[in-house]
Amino acid sequence: QENRPQLAMLKKIAESKNVAAVIIDVNSPGGTTTGGEALFESFRRIAEKKPIVARFGTVAASAGYIAGLGADHIVARGN
């Protein structure tokens, strides 16, 4: 399921002149594929204007992983 307030916030971030870059902290066992895809698309729109980095925490599975793939760069531990 899409989180419309969250997607609206991401649109504002993409358009904001006060935001130079974005760091996403992904620590999630997943969620809906629809929600993960919506976040992925929002992150790619942000990446058109500013760099975006995802930090994968202890768990970055399923839709959390899909969303994180929307970043330009991913930082994760080896395990």
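Everything quoted here is computed from the prediction, not taken from an experiment.

Draft legend 1. Representation of the sheet that holds strand 3 (residues 73–75) within the structure. The strand order across the open sheet formed by three strands is 1-2-3, and the pairing between neighbours is parallel. Taken across any chain shown, the strands that pair with only one partner, and hence form the sheet edges, are strand 1 (22–28) and strand 3. Taken pair by pair, the neighbouring strands of this sheet meet at an average axis angle of 25°, ignoring direction. Pairing analysis gives six bridges linking strand 1 to strand 2 (residues 52–60), with the strands arranged parallel.

Draft legend 2. Highlighting the environment of Leu69. Positionally, Leu69 belongs in the loop between helix 3 (63–68) and strand 3. Residues Leu69 and Val53, spaced 16 residues apart in sequence, show a C-alpha to C-alpha distance of 9.5 Å.

Draft legend 3. Here's a closer look at the pattern of salt bridges. What the rule picks out here adds up to two salt bridges. The salt bridge partner of Arg55 is Asp25, with a shortest N-O separation of 2.6 Å. Residue Arg55 is found in strand 2, and its partner Asp25 is found in strand 1; the two are separated by 30 residues along the sequence. The salt bridge involving Arg44 is made with Asp72; its shortest N-O contact spans 3.2 Å. On the criterion of sequence distance, the pair formed by Arg44 in helix 2 (residues 33–47) and Asp72 in the loop between helix 3 and strand 3 is long-range, its members being 28 residues apart. The class of Arg44 is partly exposed, set by a relative accessible area of 31%. Residue classification places Asp72 among the partly exposed positions, given a relative accessible area of 44%.

What counts and how
Counting restarts for each chain, with residues numbered from 1 along the sequence as it is written. A pLDDT threshold of at least 70 governs which residues receive local features in this predicted model, and a stricter bar of 80 or more applies before side-chain atom pairs are shown or counted, although totals over entire chains, interfaces and linings include all residues. With hydrogens and water stripped out, all remaining heavy atoms of the structure feed into the side-chain values. Paired strands, in this sense, are two strands between which DSSP finds at least two bridges. Numbering of helices and strands runs from the N terminus, with a helix taken as a DSSP run of H or I at least four residues long and a strand as a DSSP run of E at least two residues long. Note on definitions: angles span 0 to 180 degrees between N-to-C directions of axes, and those axes are lines fitted to C-alpha atoms, for helices only across the stretch in contact. Just to be clear on terms, a salt bridge is a Lys or Arg side-chain nitrogen sitting within 4 Å of an Asp or Glu carboxyl oxygen. Relative accessibility under 20% of the residue-type maximum defines a buried residue, over 50% an exposed one, and the middle range a partly exposed one, all with a 1.4 Å probe and only protein chains included.

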